[in-house]
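What follows is each chain in one-letter form.
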Amino acid sequence: MTLRPGTEYEVVWENLDSAPHNFTIKDADGNNVVSTETMSNQGETRSLTFTASEEMAQYICTVHPSTMVGDIRIESRTTQAAQQAAYDWQEATWDSYWYSLYNMNTSIAVSGVGVLFPDNEEQQQMFEERIAGFLQNSDVEKPPIKNPNLNVTPFTEGDPHFTQKPVAPFSADVDRIDASTMAWDRSEMSGVVSPASVAWTHLKGVTWAKNFESHFDILPPDMAPKFRTQMLATVAQIAIRATLIDGGPENDGALTKGEDSLELVSGFDPKRGEVVDETARPTQHAAMLWFLSDMTSLANGGWYGYVNPEPLIPAKKLQQLTDGMAKATMEAFPPEKIVEMGSTRDLGVMLGGVGWYGTHAGSEQLRSRAAEYANALASAVEGKLADNGKLQDGSKNQAATQGVVGQGLLWASQISNVNHEEMTRPILTYLLEDLWDDEAGTFADGTGDGTYAITVRDAGDITGGVNAADAVLGIEDAQAKYANFYNQTFNRGRLQRAERPASRSEDAEYTLPLPQNAGGEYGQAAVYNTEVTYDTDADEWSVSNDRFTTAQALYTANQDIWISQWGGDFFEGRGVPGTNDSPPGEEETTTK
């Protein structure tokens, strides 16, 4: 048996006769490292989950130690390094593509973590009518997911363990997901909706709607890309109506501070119809501005998923909402307030959102105002920038701060009269050179305490920075370092919990389990953990927070698709504002 240090394994041990047996791992000195309970009856099983370490030497049945024994080989770091080198940019960006899809699909249509559609008789009638329209225009006879849990306004967090045996295409005899068997435990969900949980989730849906339309001609029919495109665009529009227009307790937006205001609260309990966090926060506004800007791109560009069936929100109304959100955001959050309420890192998220808005503003006056605001944000960044490129007063994870601020500056630089490439280069160079830990194959968090704590938001910020360094600045080695970072952090480190058959390979260096084998009684969804930790001395990874945090996970899922293989070679944009606004082909489309 050959094990990789730092990798988590699950072994199921079955008693095939009537004698008692167990499964025990020992170290070189004969001490027990980990063990199952004894199985006394034929057919009895025990599951043992453990993280491999270099001290492991043998596995035995301690009841029969002379006859039931085997050696354990632990791969050396040299062997790991050789295998790690074989995992390249193409493999990493394909993994990022699939993990992005799994996190989006699970959140929007399967998990049930949020306010679901339909949830009343009127919505049920609307649902049935629109599904009929989807199918008529989709070249398929049935939806790709059975009994979907369509998530309109996602809750902020949940536990992704399944509560029953999942029915999904993990084997040849099942052709589609039955979402009713893969929903998560509602008692373990926060029950609270935030602007960021909604915005990053449906921005992901909008980006994928564009992705699917760009590949109608090559995607397999069983993926039902035309159906999915319409569904994703429609659910996003329902989310906007619920949160910004008429879904609140007083026929106002559930997340707005009043009928005439687009300033956002940060937490709303839809079951009680009450605001639970009334503070307006820059990161919540930045997420919503980013989402609305891309939704405006979808509407004004006449993308298939928006116009077919007929839109729920006219393109003109979407533009008004986007402009209103931009004005509310710029008025509420001068740069110094953003840092005061959070950190320098949050300037980067706001710069990215403003970059998307500034390329989709409804008037030249508003575009000019966005440019002024972006330049003011950049000046605040400059005030936190040391000569070596390190940013001061950032988050605990320094690599995340460097990454998101670097990306934000380059995204905002797509607006006319905004250009901060010269300032950005040392910021991203500091990320890729000073914070790169070559032995670990990941980015140091900058704390210098021997462990790197990496949240899923941190991973998204780093991914965004590397994407910008490669796509815009062409910094050498960005691709190679991203591949190592992804393989170590997402695969070996288990930031991603599981893989589905479309991407899973037994030949991969760090193979993730199928969902049904990913832990717990019935397994868990193929989504991101909230945090993983790397011990530099032991060369071991561990999952330090196994909750699913919606805004963070779907934020990173967006960064994943922008850097992914399809986001690079086969799909326009790489997430850069203004580069993915027109659907493929030259057909004339009309929005209403």
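Everything here concerns the structure above.
Residues numbered from 1 in each chain as written. Predicted model: local features only at pLDDT ≥ 70, side-chain atom pairs only at ≥ 80, totals over all residues. Heavy atoms only, no water.

## Here we look at the overall build of the protein
Along its length, the protein carries 17 helices and 21 strands. Taking 592 residues into account, the globule formula puts the C-alpha radius of gyration at 25 Å, and the protein, at 25 Å, falls close to it. Projected onto its principal axes, the C-alpha coordinates of the protein cover approximately 80 × 60 × 45 Å. Going through the 592 residues of the protein one by one, you find that 58% of them count as buried. Here the contacts in the protein between residues at least 6 apart in sequence split such that 72% fall between residues at least 24 apart. Distance between charge centres in the protein, computed from 41 positive and 86 negative side chains, equals 4 Å. (Helix = DSSP H or I, 4+ residues; strand = E, 2+ residues; numbered from the N terminus. Rg over C-alpha atoms; globule rule 2.2 N^0.38 Å. Buried < 20%, exposed > 50% of the residue type's maximum accessible area, 1.4 Å probe, protein only. Contact = heavy atoms within 4.5 Å. Lys, Arg positive; Asp, Glu negative; His and termini not counted. Charge placed at Lys NZ, Arg CZ, Asp CG, Glu CD.)

## Section: the nonpolar core
Within the largest apolar cluster, 157 residues are counted, with the highest numbers of intra-cluster contacts made by Trp 200 and Phe 291. Considering each element in turn, this core owes the most residues, 11 residues, to helix H2 (residues 89–110). Contacts of Trp 200, omitting those with residues within four sequence positions, involve Ala 287, Trp 290, Val 349, Ala 551, Leu 554, Tyr 555 and Asn 558. Residues Ile 25, Leu 48, Met 56 and Ile 72 belong to the second largest nonpolar core, which totals 11 residues. (Core = buried A, V, L, I, M, F, W, Y, C linked by side-chain atoms within 4.5 Å.)

## Structural notes on the environment of Leu 321
Structurally, Leu 321 can be placed in helix H8 (residues 315–332). Leu 321 sits 134 residues away from Thr 455 along the chain, and the two C-alpha atoms are 32 Å apart.

## A closer look at the packing of aromatic side chains
Considering all chains together, one arrives at 23 aromatic pairs under this definition. Between Tyr 97 and Trp 98 the ring centres are 5.0 Å apart and the planes differ by 80°, which places this aromatic pair in the edge-to-face class. Its relative accessible area of 2% is what places Tyr 97 among the buried residues. Look at Trp 290 and Trp 562: their rings are 5.9 Å apart centre to centre, the planes differ by 10°, and that puts the pair in the stacked class. Note that Trp 290 is positioned in helix H6 (residues 282–301) and Trp 562 in helix H16 (residues 550–563), a separation of 272 residues in sequence. Across this residue pair, the class does not change: Trp 290 and Trp 562 are buried. Taken together, the ring pairs connect Trp 89, Tyr 99, Trp 436, Phe 443, Tyr 482, Phe 485, Tyr 486, Phe 490 and Tyr 528 into an aromatic cluster. Its end group placed over the ring of Phe 216, Lys 226 keeps NZ or CZ at 5.7 Å from the ring centre. (Phe/Tyr/Trp six-rings, centres within 6.5 Å; stacked < 30°, edge-to-face > 60°. Lys NZ or Arg CZ within 6 Å of the ring centre and 35° of its normal.)

## Here we look at the side chain of Ser 197
Mapped onto the secondary structure, Ser 197 falls in helix H4 (residues 195–213). A distance of 2.9 Å separates the side chain of Ser 197 from the backbone oxygen of Ser 194, its partner in a polar contact. Those residues in contact with Ser 197 that sit more than four places away from it in its chain are Pro 154, Phe 155, Thr 156, Thr 550 and Ala 551. (Polar contact = N/O pair within 3.5 Å; in protein donor to acceptor, adjacent residues only side chain to side chain.)

## Digging into the sheet that holds strand S18 (residues 451–455)
Pairing is antiparallel in the open sheet, where three strands are placed in the order S18-S19-S20. Each edge of the open sheet is held by one strand with a lone partner, namely S18 and strand S20 (540–545). When strand polarity is set aside, the average angle formed by the axes of neighbouring strands in this sheet is 25°. As paired elements, strand S19 (residues 531–535) and S20 share five bridges and run antiparallel to each other. Pairing of Thr 533 across the sheet is with Ser 542, part of S20. (Pairing = 2+ DSSP bridges. Axes fitted to C-alpha atoms, helices over the stretch in contact; angles between N-to-C directions.)

## So, empty space enclosed by the protein
Tallied over the entire structure, the rule returns three cavities of 30 Å³ or more. Within this model, the second largest cavity holds a volume of roughly 60 Å³. Contributing to the lining of the second largest cavity are Asn 105, Thr 106, Val 110, Phe 162, Ile 177, Met 182, Trp 184, Arg 500, Pro 515, Ala 525 and Ala 526. When the residues that make up the lining of the second largest cavity are grouped by side-chain class, the tally is eight nonpolar, two polar and one charged. (1 Å grid on protein atoms, 1.4 Å probe; cavity = no way out; pocket = protein on both sides within 12 Å on 5 of 7 lines; lining within 4 Å. Points joined across faces, edges and corners; volume = space filled by probe spheres on them. Nonpolar A, V, L, I, M, F, W, Y, C, P; charged D, E, K, R; others polar.)

## Considerations on the side chain of Thr 201
Along the chain, the position of Thr 201 falls in helix H4. For Thr 201, a relative accessible area of 0% puts it in the buried group. Residues in contact with Thr 201, not counting those within four places in the same chain, are Ser 107, Ile 108, Pro 154, Ala 196, Thr 550 and Leu 554.

## Digging into helix H13 (residues 421–434)
Given a rise of 1.5 Å per residue, 14 residues ought to cover 20 Å, and the 19 Å separating the end C-alpha atoms of H13 matches this to within 8%. Next to the buried residues of H13 lie helix H11 (364–382), helix H12 (398–412), strand S16 (436–437), strand S17 (442–443), helix H14 (456–473) and helix H15 (478–492). (Expected span 1.5 Å × (residues − 1).)

## Observations regarding the environment of Ser 544
Take Ser 544: it is sitting in strand S20. Overall, the relative accessible area of 37% leaves Ser 544 in the partly exposed class. Along the backbone, Ser 544 and Thr 530 are 14 residues apart, and their C-alpha atoms lie at a distance of 8.0 Å. Leaving out residues up to four positions away in the same chain, Ser 544 has contacts with Glu 531, Val 532 and Thr 533. In this structure the side chain of Ser 544 is engaged in a polar contact, spanning 2.8 Å, whose partner is the side chain of Glu 531. At a separation of 2.8 Å, a polar atom in the side chain of Ser 544 contacts the side chain of Thr 533.

## Observations concerning the packing of H15 against H16
Describing two packed helices takes the angle between their axes plus the distance from one axis to the other. Look at H15 against H16: their axes get within 14 Å of each other, and the N-to-C directions meet at 145°. The hand of the H15/H16 crossing is left-handed. Along the contact surface, H15 presents Tyr 482, Tyr 486 and Phe 490, while H16 presents Thr 556, Asp 560 and Ile 563. When grouped by side-chain class, the residues that make up the contact of H15 with H16 number four nonpolar, one polar and one charged. (Left-handed = near helix turned anticlockwise from the far one by under 90°.)

## Section: the pattern of salt bridges
For the structure shown, the criterion picks out 21 salt bridges. Here Arg 547 makes a salt bridge to Glu 157, at a shortest N to O gap of 3.5 Å. Taken together, the positions of Arg 547 in the loop between S20 and strand S21 (548–549) and Glu 157 in strand S12 (residues 157–158) put the pair 390 residues apart, joining distant regions of the chain. The closest approach of N and O atoms between Glu 274 and Arg 272, which form a salt bridge, is 3.4 Å. For Glu 274, a relative accessible area of 39% puts it in the partly exposed group. Linked by salt bridges that have partners in common, Arg 345, Asp 346, Arg 457, Asp 458 and Asp 461 make up one network. (Salt bridge = Lys/Arg side-chain N within 4 Å of Asp/Glu carboxyl O.)

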